[in-house]
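In case you want the letters, here they are:
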Amino acid sequence: MTARAESGRGRVDPRLSSCWLLLIAACALAVESGALVAGGVACLLVVSLLVGLKLRLVGHGLLATALVGLQIFVMRWVFGEEGVLAAGMGAALEGGVLVPILSGSAETAARLGALLLAAMQFHQLTRPSDLTQLLTRRGIPHRWAALPAIALRFVPLMQTELTAVWESQASRGLPTERARDKLKALLPVGLPFVYRSMRRANELALAMELRGFGVLARPTFLSELRMSPAERAASAGLLVATLAVLLV
Amino acid sequence: MSAVLEVSLETVTYEGSSVPALSGVEFSVGEGEFVVVSGRVGAGKSTLCHCLAGAIPCYYSAEVDGKIRVAGRDLGGAPIGELAGIIGYLAQESQAQIVEGTVAEDVAFGPCNLGLPRGEVRRRVESCLEWVGLSGFETRDPQTLSGGEAQRAVLAGVIALHPRLLILDEPLAELDPSGRRLVAQGLRELSRRGTSVLLATTRPDQVRPFADRTVSLSPGGEYPSANPSGVGGVGKSGAATRLGIGSRSPEGRPEKHVPGEPGVRFDRCTHVYPGGRAGCTDVDLFLEPGGMVALLGVNGSGKTTLGKHVNGLLRATTGSVLVDGIDPAGKARGLLRARTGFVFQNPDYQLFGNSVEEELAFGLRVRGTARDEIKRRVDDAVSRFGLERWRSAHPHRLSRGQRQLLAVAGVLAADPSVLAADEPTSGLDPETALHVLRELGSVAARGGTVLLMTHDAELASTVVDRLAVMEAGFLRSSMLPSRQRVAG
């Protein structure tokens, strides 16, 4: 019996997806060239689409990263490198200062974007129960090992809940067309969402406890983790590449 | 027959409340006995189930005066984890109890936690899914299941633990008639094999033939019950006479004229979800003004998908939907939404006000209704649904059934001219359910259009003008209810 979801999540062994995440993290944090980081982000975008990440979701992630980049730019431009108000020194108005600040901010945003895309890919490629099994095998108590998997499961659930609350309030006549409407809808959408999240967390915890969660330190799993030869080879390759990035 | 469960509760009072939610409950359940706990909305059935499963006081703060013994041990203060394998509990909202990413993994969750060998776990998963009629669903993502399918999947997960006592809170509420029969027969079979079953429901008639006995809970002082006598007087139009409801007052008529053909027209409406699954296919249906149509079908047949097109929550992938001549997902949807209403299956998605009163007023405020008119309509809704005593209570202090009533009241207070209601009577007792249906019917009696999505054909037949049956996304037939066929 296979337990792989029809959604396609969990198509690779969690050890392989972890190695991939590790490599991207190493690249994003250790590579010095901004051009290389930008190229890496472009590659990640292609890979994201290949592994089945929705274009809209990727777009949202990149938009969030761009907003963070803009904030970094504004902060650096206003306060200068040393935290002193640049306007007081006259530096904020100098064209020569603007370009390095802009490129530096873009580079930081690109590094954050790479980390975000890698995390999204990890989420897409890894089945939560496989991750739990992997962590339990590594000696982490089951109660703790299950937490990342529960969190991974909870994210799409909360997305569905938020959509349902949004639809429900819109169907009651709440305007949601314009950006201003959306801002005004924060309370009528946010409150039921928070309430639902808390209620769901409570009921999930109760259901888990009543179904024996945490009774044994090492429970059994429905399917066994097995790496194919191709997955082993790919993992080894990724680890070597990570080491190379960190050392070179 | 030795008692597996002994209950002797003086009172159960929630924190912050002075009125007990439950009082004077005393009964026992023997080994292999199938007991139904019945009661109207707000009688305290869920509170009792929470107490029996240890959720009160561990998860929900309440003062419990009394004793509960399960399999010879006192339940007071026992860690919930120790009850796994002894008590199996299915709470009212099934989707919230799904833990894993596939149906098979979720059913296996309990047996795996108990450390059973993998072969035994697989055997249990297979047999339990077959038991609830979900064979072939092993690899399905639980998020893609319909409400009824999710309820059966969670039930399979609870049964897979082979508990001595099963506590089930409204396990049939979201199931279609065939699913209900399947589950009720299965529970009877389980009890014959020695598992004790306690099933709480507002509809004891659905399980009585399979159960050994029924324990009735009378409503505590905590919650209101809908007031059937609050239904309007006998109307003049044909529909109003049939439905036994009043005609629309002149000030209740829509202020703005919407051009185009009145009513709702589905023209070869097909909706395909991302991923390629078809929700409904080639549906041709016309809902005329002044009519109430029930959309029937088993769980997952596409009723909700079709209904969501009425107010533009979904857009037809091919074909078209027109509401009063307007595309509800088009540019004019803002105008149309102010005139359409949608009662969701789960009331919690819309309740956010600090009081029942505030909640009822919300739909009117966002439509720009005048303050005096809001007050009048809120008063009217409060009295029609018997919510007078709870006007200033926080909605989330009400029971699930009452929140459902409040959600229906909130949508009706806005006086929609087109209304779609998705399982609005789920979890309500027959009397309250009929009252809700009649209230929904009042929209049709005033010249509006009502689409009711339900699997309770029997109840729907008493109020609707036409029945339409969906199967696997297709509209299979459309017919008159039996009372009209007989009359004709």
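Values in this document were obtained by computation on a predicted structure and should not be read as measured data.

Engineer: How should I be thinking about the nonpolar core in this particular structure?
Structural biologist: What tends to happen in soluble globular proteins is that the nonpolar side chains get buried as a cluster. Residue and element names in this part refer to chain B. Counting 43 residues, the largest nonpolar core has Met292, Leu360, Phe385, Leu419, Leu440, Leu452 and Val464 as the members making the most contacts within it. Contributions of two or more residues to this core are made by strand E12 (291-296), helix H10 (356-366), helix H11 (371-384), helix H12 (400-413), strand E15 (418-422), helix H13 (430-445), strand E16 (449-453) and helix H14 (457-461). The element that contributes the greatest number of residues to this core is H12, accounting for seven residues. Residues Cys128, Val132, Leu145 and Ala160 belong to the second largest nonpolar core, which totals 41 residues.

Engineer: Which parts of the structure should I look at to understand the pairing of strand E3 (residues 34-38) of chain B?
Structural biologist: Put simply, side chains in a regular strand alternate between the two faces of the sheet. Residues and elements named next belong to chain B. A large share of E3 lies buried, amounting to five of its five residues. Strand direction decides the pairing type here: E3 and strand E8 (residues 196-201), joined by five bridges, are parallel. Looking at the pairing, serine 38 lines up with threonine 201 of E8. Two strands pair when backbone bridges link them, and E3 and strand E9 (residues 213-216) are joined in this way by four bridges, in the parallel orientation. Along E9, the bridge assignment pairs valine 36 with threonine 214.

Engineer: Any chance you could explain the pairing of strand E11 (residues 278-287) of chain B here in plain terms?
Structural biologist: All names here are of chain B. Across six bridges, the pairing between strand E10 (residues 264-272) and E11 is antiparallel. By the bridge assignment, arginine 265 is partnered in E11 with phenylalanine 286. Taken together, E10 and the strand that follows it, E11, pair antiparallel across an intervening segment of five residues, in which glycine 275 is found at a positive phi of about 105°.

Engineer: Sorry, what's going on with the interface of chain A and chain B here?
Structural biologist: It is common to give the size of an interface as the accessible area lost on bringing the parts into contact. On the chain B side, the residues contacting the 55 residues of chain A number 66 residues. Of the roughly 5,600 Å² buried between chain A and chain B on both sides combined, carbon and sulfur atoms contribute 54%. When the area that chain A buries against chain B is broken down by residue, the three leading residues are Arg172, Leu210 and Arg211 of chain A, summing to 17%. Put simply, chain A and chain B have seven salt bridges between them. We note a salt bridge from arginine 211 of chain A to aspartate 106 of chain B, for which the minimum N-O separation is 3.5 Å. Contributing elements (two or more residues each) for the side of chain A that touches chain B: helix H7 (142-171) and helix H9 (186-210) of chain A. Among the elements that take part in the side of chain A that touches chain B, H9 of chain A stands out by supplying 17 residues, more than any other.

Engineer: Sorry if this is basic, but what is going on with a negative patch on the surface here?
Structural biologist: Side chains of Glu10, Glu26, Glu63 and Asp65 of chain B sit close together on the surface and give a patch of like negative charge. Examined against the element boundaries, glutamate 26 of chain B turns out to sit in strand E2 (residues 22-30).

Engineer: Looking at this model, I keep getting lost on the packing of H12 of chain B against H13 of chain B. Mind explaining?
Structural biologist: Residues and elements named next belong to chain B. One can describe the packing of H12 onto H13 by two numbers: an axis separation of 11 Å at closest approach and a directional angle of 10°. One element, H12, and the other, H13, form an angle in the roughly parallel class. Residues Leu405, Val408 and Leu412 of H12 form the contact with H13, whose participating residues are Thr432, Val436, Glu439, Leu440 and Val443. Class assignment of the residues belonging to the contact of H12 with H13 gives a composition of six nonpolar, one polar and one charged.

Engineer: Is there a simple way to explain the sheet that holds E8 of chain B in this structure?
Structural biologist: Residues and elements named next belong to chain B. On the basis of which strands lie adjacent, the open sheet formed by five strands has the order E6-E7-E8-E3-E9 and parallel pairing. Strand pairing shows two members of the sheet lacking a second neighbour, strand E6 (87-90) and E9, which therefore form its edges. On average, adjacent strands in this sheet sit at an angle of 15° to one another, irrespective of strand direction. Docked against the sheet, helix H5 (residues 147-159) engages E6 and strand E7 (165-169), running at close to 170° with respect to E6.

Engineer: For this particular structure, what's the right way to read the packing of aromatic side chains?
Structural biologist: Given two aromatic rings, one states the distance between the centres and the angle between the planes to describe the pair. As enumerated under the stated definition, the model contains two aromatic pairs over all chains in all. Considering the side-chain rings of phenylalanine 213 of chain A and phenylalanine 109 of chain B, the 6.3 Å spacing of their centres and the 15° angle between planes classify their relative orientation as stacked. Within this pair, whereas phenylalanine 213 of chain A is found in the loop between H9 and helix H10 (229-247), its partner phenylalanine 109 of chain B is found in helix H3 (residues 103-113), the two belonging to separate chains. There is no split in this pair, since phenylalanine 213 of chain A and phenylalanine 109 of chain B are both buried. Note on phenylalanine 342 of chain B and phenylalanine 344 of chain B: the rings are 4.7 Å apart at their centroids and 55° apart in plane angle, and the pair reads as tilted. For the residue pair phenylalanine 342 of chain B and phenylalanine 344 of chain B, the accessibility class agrees, reading buried in each case. Sitting over the ring of phenylalanine 286 of chain B, arginine 265 of chain B keeps its end group 4.4 Å from the ring centre.

Engineer: In this structure, what is going on with the environment of glycine 341 of chain B? I would like to understand it.
Structural biologist: Secondary-structure assignment places glycine 341 of chain B in strand E14 (residues 340-343). Along the sequence, glycine 341 of chain B and valine 310 of chain B sit 31 residues apart, while their C-alpha atoms lie 9.1 Å from each other. With sequence-adjacent residues up to four places away left out, glycine 341 of chain B is seen in contact with Ser171 of chain A together with Val411, Pro416, Val418, Leu419 and Ala420 of chain B.

Engineer: What is the right way to look at H5 of chain B in this model?
Structural biologist: Two residues of an α-helix separated by three or four positions point the same way, owing to the 3.6 residues in each turn. Residue and element names in this part refer to chain B. With 13 residues, H5 ought to run about 18 Å at 1.5 Å a step, and its terminal C-alpha atoms sit 18 Å apart, in line with that. Within H5, 12 of the 13 residues are buried, which leaves the element mostly enclosed by the surrounding structure. Along H5, the residues classified as buried are Gly148, Glu149, Ala150, Gln151, Arg152, Ala153, Val154, Leu155, Ala156, Gly157, Val158 and Ile159.

About the criteria used
- Residues numbered from 1 in each chain as written.
- Chains lettered and ligands numbered in written order.
- Predicted model: local features only at pLDDT ≥ 70, side-chain atom pairs only at ≥ 80, totals over all residues.
- Heavy atoms only, no water.
- Core = buried A, V, L, I, M, F, W, Y, C linked by side-chain atoms within 4.5 Å.
- Buried < 20%, exposed > 50% of the residue type's maximum accessible area, 1.4 Å probe, protein only.
- Helix = DSSP H or I, 4+ residues; strand = E, 2+ residues; numbered from the N terminus.
- Pairing = 2+ DSSP bridges.
- Contact = heavy atoms within 4.5 Å.
- Buried area = accessible area lost by both parts, 1.4 Å probe.
- Salt bridge = Lys/Arg side-chain N within 4 Å of Asp/Glu carboxyl O.
- Patch = residues over 30% accessible without salt bridge, like charges linked within 9 Å, V, L, I, M, F, W, Y side chains within 5 Å.
- Areas by Shrake-Rupley, 256 points an atom, 1.4 Å probe, with all protein chains shown as cover.
- Lys, Arg positive; Asp, Glu negative; His and termini not counted.
- Charge placed at Lys NZ, Arg CZ, Asp CG, Glu CD.
- Axes fitted to C-alpha atoms, helices over the stretch in contact; angles between N-to-C directions.
- Parallel < 35°, antiparallel > 145°, perpendicular 65-115°, else oblique.
- Nonpolar A, V, L, I, M, F, W, Y, C, P; charged D, E, K, R; others polar.
- Phe/Tyr/Trp six-rings, centres within 6.5 Å; stacked < 30°, edge-to-face > 60°.
- Lys NZ or Arg CZ within 6 Å of the ring centre and 35° of its normal.
- Expected span 1.5 Å × (residues − 1).

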